[in-house]
Amino acid sequence: MPRTAAPPLTTPPPTDRRRTSASVVLRSVLEHGPVARSTIARLTGLSPASVTDYCARFTELGLIREAEAPRRLKGVGRPHVPVDLDDSRFVVGGVHVAVPYTTVALLDLRGRVVLRRELKHSGAVDPLAVLARAAAGLAALLAEVPGSRPLGIGVAVGGWVDRDSGTVVEHPLLGWREVPVRELLGAHTGLPVHVDGHARALVNGERLFGRARGSRSVLHLFVGNVVDAAFATGDEVHHGPRSQAGTIAHLPVPGGTEPCGCGRTGCLQAELSERTLVRRARAAGAVEGSNPMDVLAAARAGDPVAVRLLVERARMTGRAAGLLLDVLNPESVVVTEVGVLHREDCLAALREAVGPERAPVLPTSFGASVLAVAGGSVALDVLYRDPLSASPELI
Ligand SMILES: [Zn+2]
């Protein structure tokens, strides 16, 4: 009996191939634009005809446009006319929900923050109220940029976030459980909504727009009130079943003294959270309020206690990064932590604790905009992964 040959496992089905090629072409324009189509073909290994087809499609959709041709190339022919992202038409909305406030933002296709705003939480952080305010906040930002069309919204949250269902499964510090963020925010805005954990969102931000571009593997460590990690190899961020990967909140820290909600002492998140930092600074008389930026300001003003607390936190973050490096051996490491972001002594303490001859440890590429970029990156990652499906004509 003749047997039907199964397709070879290594060859993706045609739709996947098309999706991958479209992604590769748009990423190439992002990374190299303005760039000639012939150069894209050379860089990607795709045929010049197929690059020209994708570029025509992206131009039609308004994602890219022809840049002005350099004079010496005039008359050479269209493949040499450079193309670039068209960052004048579309934006994505970004939402990041932190414990004290929500950040809403608009980002252009290059991952640059066009506008952002912080919406302080008042009292209990009821998910329905927080998401309704986020939707209103985004609408207000869009009204400030007439003519820009939103492609979709990305939401980044700490804790356990299931990307596939768009749900915050559990965020103990917010008191959120099984919150269907995609559904709720989608109902408010009428836009496609994508949801992911903030550490994973920022790995994608770094991969697409930051210093980790071109790196074959990246570890991102997020240290705010929530502490978690994410790891990407190539273009894939590891999620694991129900997106549970990267939960390092209860990793034990040697010598840790903070009691944790889980009943143990010295868990990573309890030791490193911004709340702990501020509480220690307050107990020592270095600050009065509850804002970690006050600790930074005190350190800047020369308060030795504030400096010590920040450097110690950076050192402990470095030890945690060192443990993760042993397991994952990434090519580059990115850390989002307030002291490391703003102070050389903290960055030095972090690097020292990670140890010599390890992967380079970099502070986040996004400075004070990091939370806005986290939210927006969730939506932009979807666009760059599958530009034709995330196309504006569907919206
Ligand atoms: Zn714990």
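Residues numbered from 1 in each chain as written. Predicted model: local features only at pLDDT ≥ 70, side-chain atom pairs only at ≥ 80, totals over all residues. Heavy atoms only, no water.

Some details on the sheet that holds strand β8 (residues 160-162)
The strand order β8-β9-β10 describes an open sheet built from three strands, whose pairing is antiparallel. Edge positions in the sheet fall to β8 and β10 (176-179), since each has one partner strand and no second. If you compare each strand with its neighbour and ignore which way they point, the axes differ by 15 degrees on average. Looking at chain direction, β8 and strand β9 (residues 167-171) are connected through three bridges and run antiparallel. Looking at β9, one finds that Val 161 is bridged to Val 168. (Pairing = 2+ DSSP bridges. Helix = DSSP H or I, 4+ residues; strand = E, 2+ residues; numbered from the N terminus. Axes fitted to C-alpha atoms, helices over the stretch in contact; angles between N-to-C directions.)

Considering the sheet that holds strand β11 (residues 193-197)
Read across the sheet, five strands follow the order β6-β5-β4-β7-β11 without closing on themselves; strand pairing throughout is mixed. Strands with a single pairing partner mark the edges of an open sheet, and in this sheet they are β6 (113-120) and β11. Taken pair by pair, the neighbouring strands of this sheet meet at an average axis angle of 20 degrees, ignoring direction. Sitting on the sheet, helix α5 (residues 181-189) touches β4 (90-97), β7 (149-157) and β11, and the angle it makes with β11 is about 145 degrees. (Contact = heavy atoms within 4.5 Å.)

Overview of the packing of helix α2 (residues 37-44) against helix α3 (residues 48-61)
Packing of α2 against α3 leaves a shortest axis separation of 9 Å and a crossing angle of 120 degrees. On the basis of the axis angle, α2 is oblique to α3. Read as a crossing pair, α2 and α3 show a hand that is right-handed. Contacts between α2 and α3 involve Arg 37, Ile 40, Ala 41 and Thr 44 on the former and, on the latter, Pro 48, Val 51, Thr 52 and Cys 55. Per-class residue counts for the contact of α2 with α3 are five nonpolar, two polar and one charged. (Parallel < 35°, antiparallel > 145°, perpendicular 65-115°, else oblique. Left-handed = near helix turned anticlockwise from the far one by under 90°. Nonpolar A, V, L, I, M, F, W, Y, C, P; charged D, E, K, R; others polar.)

What about the nonpolar core?
One finds Phe 58, Leu 63, Ile 64, Leu 109 and Tyr 384 to be the most contacted residues of the largest nonpolar core, which totals 46 residues. In terms of residue count, helix α13 (residues 370-385) provides more of this core than any other element does, 10 residues in total. A domain split of this core shows at least three residues from each of domain 1 (21-85) and domain 2 (211-364). Val 227, Leu 277, Val 295 and Leu 324 belong to the second-largest nonpolar core, a separate cluster that totals 40 residues. (Core = buried A, V, L, I, M, F, W, Y, C linked by side-chain atoms within 4.5 Å. Buried < 20%, exposed > 50% of the residue type's maximum accessible area, 1.4 Å probe, protein only. Domains from an automatic or database assignment.)

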